[in-house]
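# Coordinates in review
Letter by letter, the chains look like this.
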Amino acid sequence: MTDPRPIRNLALIGLMGAGKTSVGRWVAERLHFSLLDTDALIEERVGKPIAQIFAEEGEPAFREYERRVVEELGHLTDTVISTGGGLPTQEPNLASLKTHSLVVYLWASPEKLWERVRGQKHRPLLHDADPLEKLRRLLAARDPFYRQADILVNTEWRSVAEVAQHVINQFRMAVADRR
Ligand code: S3P
């Protein structure tokens, strides 16, 4: 059945370490799309890094910035949108993305996510005594939101290039279905 929902963009959702940024870069390059990272946009708007926003203003303030940024995305075309991991957990954000984007959930197990992000220090939510356990809890809580995506891609054992190609194929099929 044809879904009349417009698809002008592609939005990547999932937990930290799922590959949203790296896959997003590949996909954007191959599709000749622009790349927009919601965290980068927030940092630009607020004028400070995400970690500083969390430290100085707290997580609720950050979530409010996220909400405002999502509202700005509706006018975009031909853009790959890489989202912050918590963004789709607010239902209106996910609903808003779906008005213009094919939403793709990049999944990996908490162990794999931890393997990918353990060398990185910029994520305030992982400044925790037991970051792996934190990832497990976050994934359990967020998976029901993420699963509302249009497409789920298991990234566990796939390279960035493989995941990107799969995402591109899915996007092309979804757009072709609408013609
Ligand atoms: C967050 C994920 C981060 C960033 C912020 C909060 C989350 O983005 O938005 O630190 O709640 O999972 P990435 O998923 O791009 O790391």
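The following paragraphs examine the structure supplied in this document. (Residues numbered from 1 in each chain as written. Predicted model: local features only at pLDDT ≥ 70, side-chain atom pairs only at ≥ 80, totals over all residues. Heavy atoms only, no water.)

## Looking at the pattern of salt bridges
Put simply, the test is: Whenever a carboxyl oxygen of Asp or Glu lies within 4 Å of a side-chain nitrogen of Lys or Arg, that contact is scored as a salt bridge. Only runs of H or I of at least four residues qualify as helices and only runs of E of at least two qualify as strands under DSSP, and these elements are numbered from the N terminus.
What the rule picks out here adds up to 14 salt bridges. We note a salt bridge from R45 to E44, for which the minimum N-O separation is 3.9 Å. Measuring nitrogen to oxygen at the nearest pair gives 2.9 Å for the salt bridge that ties R67 to E71. Taken together, the residues span about one helical turn, with R67 and E71 both in helix α4 (residues 59–72) at a distance of 4 residues. Salt bridges linked by common partners bring E64, R67, R68 and E71 together as one network.

## Things to note about the environment of R63
Operational definition: Only heavy atoms enter the contact rule, under which two residues are in contact if any of them lie within 4.5 Å. In protein, a polar contact means a hydrogen-donor-capable atom and an acceptor-capable atom, both N or O and within 3.5 Å, with residues adjacent in sequence counting only if both atoms are side-chain atoms; elsewhere, any N or O pair within 3.5 Å suffices.
Turning to its location among the elements, R63 is positioned in helix α4. Remark: the alpha-carbon pair of R63 and V46, spanning 17 residues in sequence, is separated by 13 Å. Setting aside anything within four residues of it in sequence, one finds R63 in contact with F54, G86, L87, Q90, L125 and R142. Side chain to side chain, R63 and E59 meet in a polar contact 2.8 Å long. Within polar-contact distance, the side chain of R63 engages the side chain of E66 at 2.9 Å.

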